[in-house]
Structures are given as C-alpha cells and as structure tokens.
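Coordinate analysis (summary)
Spelled out, the chains give:
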Amino acid sequence: MSDSNHKIVNRLLTALFVLLASACSLNYESNVESGNRDQILHLGNGDEPQELDPHITTGIPEFHIQHALFEGLVAKHPKTMAIEPGVAETWEVSEDLKRYTLHLRHDARWSNGDPIKAGDFVYSWKRALTPALGNLYAYMFYPIQNAQEYFEGKLDDFNLVGVHAPDEYTLVVDLKAPTPYFLQLLDHHSYFPVHPPTIEKFGAFGERGTRWTRPGNFIGNGPFTLKEWKLNRILIVEKSPTYWDAARVRLKEIHFYPIPNGSTEERMFRAGQLHITERVPLEKINVYKRENPAALSISPYLGTYFYRFNTTHKPLDDKRIRMALALSINREQIVERVTKGGQIPAYNFTPPDTNGYTPRARISYDIDRARALLAEAGYPEGRDFPALELIYNTDEGHRSVAIALQEMWKQALNINIRLSNNDWKVYLDRESHLDYELSRAGWIGDYLDPTNFLDLFVTNGGNNRTGWSNQRYDELLNQAGMTGDQTARYELLQEAEAILMEEVPVAPVYTYTRVRLIDPTVRGWEDNILDQHPYKYVHLEAAE
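Residues numbered from 1 in each chain as written. Predicted model: local features only at pLDDT ≥ 70, side-chain atom pairs only at ≥ 80, totals over all residues. Heavy atoms only, no water.

Each pair of packed helices can be summarised by the angle the axes make with each other and by the distance between the axes. Running from N to C, helix H12 (residues 367-376) and helix H13 (residues 396-413) cross one another at 70°; their axes reach a closest spacing of 10 Å. With respect to H13, the axis of H12 lies roughly perpendicular. Judged by residue contacts, Ile 367, Ala 370, Arg 371 and Leu 374 of H12 engage Gln 411, Ala 412 and Leu 413 from H13. Class assignment of the residues belonging to the contact of H12 with H13 gives a composition of 5 nonpolar, 1 polar and 1 charged. (Axes fitted to C-alpha atoms, helices over the stretch in contact; angles between N-to-C directions. Helix = DSSP H or I, 4+ residues; strand = E, 2+ residues; numbered from the N terminus. Parallel < 35°, antiparallel > 145°, perpendicular 65-115°, else oblique. Contact = heavy atoms within 4.5 Å. Nonpolar A, V, L, I, M, F, W, Y, C, P; charged D, E, K, R; others polar.)

Next up on the list: the pairing of strand E14 (residues 417-422). Pairing analysis gives 6 bridges linking strand E13 (residues 388-393) to E14, with the strands arranged parallel. Across the sheet, residue Leu 390 finds its bridge partner in E14, namely Leu 419. As a crossover connection, the stretch from E13 through H13 into E14 is right-handed. (Pairing = 2+ DSSP bridges. Right-handed = clockwise from strand over helix to strand, strands pointing away.)

A separate point is helix H4 (residues 118-128). Of all 11 residues in H4, 9 are buried, a share of seventy percent or more. Where H4 is concerned, the buried positions are Ala 118, Asp 120, Phe 121, Val 122, Tyr 123, Ser 124, Trp 125, Arg 127 and Ala 128. (Buried < 20%, exposed > 50% of the residue type's maximum accessible area, 1.4 Å probe, protein only.)

A word on the sheet that holds strand E16 (residues 506-517). One open sheet holds the 6 strands; their spatial order is E12-E16-E11-E15-E13-E14, and the pairing between them is mixed. The outermost strands of the open sheet, each flanked by one partner alone, are strand E12 (344-345) and E14. In this sheet, E16 lies alongside strand E11 (residues 296-309) in antiparallel orientation, the contact comprising 10 bridges. Bridging across to E16, Ser 297 finds its partner in Arg 516. Set on the sheet, helix H14 (residues 424-432) makes contact with E11, E13, E14 and strand E15 (438-444); between it and E15 the angle comes to about 100°.

Another point: the pattern of salt bridges. Scanning all chains against the criterion turns up 34 salt bridges. Among the ionic pairs, Glu 265 bridges to Arg 279, the shortest N-O distance being 3.9 Å. Of this pair, Glu 265 sits in helix H8 (residues 262-270) while Arg 279 sits in the loop between H8 and helix H9 (285-291), and the two are 14 residues apart along the sequence. In this pair, the class of Glu 265 matches that of Arg 279, namely buried. (Salt bridge = Lys/Arg side-chain N within 4 Å of Asp/Glu carboxyl O.)

In structure tokens, the structure reads:
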C-alpha cells in the first residue's frame, strides 16, 4: 500500500471499529465473545502479507500465517522451543554428525488428502534452491552438501545435492560439515514443503507470484488451511481435517487482520474485536502498565532493531560516514524515552547470549569521534553534506524512532535527514533493489545460533540488502560453517562480528522485546524468545 492507501485502510478500519462498538452497545457479541464460544482466534497481524509462498517470503506477517498453513519435518515446543516431531516422526544422526535420516509419518496428509512423501521434500527443496525463484533465504540450505553450488549455478544436477529419498517415507540429508542447529532449520518456512501438483497446475516450477496460494487453489500440510483472503481486510484459515495431529487442534479458525496503524489496533482490542495485537502504541505502554497490566505482555525477543546503510550510494560508500552516523545514536535515550518497552540498547548486531555467544566488538556512543570522522571525510561540522532519505515501513513506532534519529543526527553532526514512510511491500522492494539511502530494519532470530544474524551480510546474501561485501568476513562465516567445535566456531564468529562493526554497513539500535496485548481468555500462547506460537496448542476459554 502507498501512503494514500494506508490512509484509506485506516479510515475503513476506524469506521469498522465505530460500527462494531455501536453493535456492542446494542448487545451484539464482540469478536472476542463469539470467538471464545466458537474457538475462533482474532489476531492483529501488522501488515498485509506480501505472499504466502514459503520459498519467497522473508517477513514476520507472512510467517505468522505460514505457521498455520504448513508444517516442516520438525516443530518446536511452544514453551521451551525444544525440537519435536513434525512430518518426520523419528530421525537418526550419523556418528560424524553429517547425515540425517528422517522417517516420515505415514498418516501425514496434504489438505486435499494426498499422502505427504519424502519426494515432496526433495521437490520442494529443489524449488527453493532454483535461482529463477529468487529465494532470499536460499543460504539457509547451504549447510547441505552442494546446495550452495547448485543455487549459484556451479552445478546443474540436483542429484548431487545432499538430499535424497530412498523410499516414500525416508529422507536422507547429507551435510558438508556438522551443523549443530540443523534440526532447527527444518522448522523454518524456507524448508516447508509445497504440494508439487498444485505448483505445476498454476505455473512453472521456478515461477514466482502464481495463484497457487489463493483460496480455492491452495493445498498445504499444516494444522489449518486457507479459507478466505480479502486483501487489506482479512485472511481466514480454518482447521484442516486431514492434518495428522488434528485431534490436538482446538481452534476452528484464525482470523488475521492486517492493521498497520497501532492506534487503530489498540482501539479494536479495547472494543473486544481482537484477542491479540501485533504491537502496542508507544504512548499506551505506560497506560496499560498502570491500568490494565494483565493485558500487557512484554517478553524477551531474539531480535535486533537496526538501520541499513546503502553502501553503494555516496557518501555512504565511505565507512567513516557510516561510523559517524552509528556513533551519534544515543541508544539509551531511544529505549528510555521513545520505545519504553524494556528494549535493551544494542551496541553490536547479534543479541547478547545467543546460545552462549555474546559479541565483544561494540559501537559506542561517541559524538566527538563521530564529528572528527565526519570532518575527516570532508564534511567539517556537516558543511556541504547532502540531505539523505531514510525509509521506514508504516508504523508509528518506526516513525518515532526515525524522528529521534533525525534530531540526533542534526544536533550531533548538523546533517539533514528526510523521512519517507513506505507501505510494507514497497519498503521490501526498495530495500531488495538498493533503492534507498538509509533504511530502518529489524532481524528476528529464526533459530538459536549467532550465524542466524551474521549470515545476513555475506556477499550477495539474499537478506544483505546493503551492497556491502567483505572477503574476509565471508571466509570467516564459511570457516565457522565447517567447524564442529563450538568454542572455535564462536571465535571465528567474534572476528566476523568485529569486521561488521568496523565496516558498519548497519547501525544496531536496540535488542527487541515483544510487546503486545493479549486477552485473558487466550490459552496455550506461551512467551518464548523466538516469539513462535504453534497454533495447535492454542485455544480459548471464556471468562467466568
């Protein structure tokens, strides 16, 4: 949505809110009341999903829905995040930790009733690694033998990639080196299977944007299937009767609402139209702390809020300029006066204590050094420095942080920043095509390992989006991927992170917390550091 489209959507949502509030005054049931009775969960989902195809999306709004529609070989426990069986019922790992043999359950079914077979995963992973599809998460497959070579076109025979199906219910995966987090990867959406006949019915094998993900066409294998999708209004999934663990699923439907305006979402929550919000307006956090703390949920979250620099664009191609900008961010002031949700100032990129790894390299707050670097780069006291555009996706919180940085950079460096609000799809497109100068960004952990953060910035990585490249950095990440010893591996990653903080293609701002509103009737929604909530464990209990 463009800015004008966002205004239209917000007006429609506000009108809907008024109508619903009026209905409540006439003793009509709210969404929460009827949802509790009928087991229909109403969720705020932030932005309109870009797509539902698990092999081309990168965002959180999409993953929330994909987690309902698909299931990987393994899953995660909602509270501990421990690996548990998914489509694979059991598995074995070889003594050298390089071969995984996974046994698929015989009762796993696609939503049309077809059995799920090992060959479906071979097909799906080949598709995810097909260069024409443009999967920005292709690097997630690189621990698999020859996966990187296939994606980069260095070999064209997929039979040489380390994934095989010796029979209909056995999948064998060969890794190029021991990868302690490999089972966690199998629960990532890029590893989810797609239904081969459906893919081929609606387009070519490696074609993006076909209509296979639309209602009436969609076939998935998760606990829910797609029922309705009205763009910019609502997406509904309903319980799948063919899901192997359907007896555990208590929700009948989940309604996902794309609500980019946090104030509108908060009003809908107060009116009983949402069980759970995606966010809380910054100005409302302290209000809920005082007046309704039971509804406010603030929990640790494995993620970093940061800004990307387009290193191909002058003057941001000069690392002194990038460092000057990064050094003049007062992170403590941002988390104390702007975000107010318990966030932690971030002076490095990987969140602290990520599976026992805490970065040593730091970017401090040092205005004197920032000014000296700016002068050294040819812009003493900010004179003749070109105005830069900073883009962010529509959200009051992002806007508030952007305004704070705009003021900090003006006061500290005497430089001018123009703010540009972009709809989610436009924002992603601009970042992907390096059509920006400064861009707000966030990265949420997909699995518990520091490589999940540092892999972003390898040369030509699908989620790099800065234009930055460093040969030594790439070598260190590659060496870490081939090192089985955890201590030695973390030392390689420490050196890589030091390069990242020295070259500053990004400026970290804070480590996330998850701040949302949750109705007390929601059960089975467990706080966890990855903010992943398997819907088959969630149900609703009406308040007594």
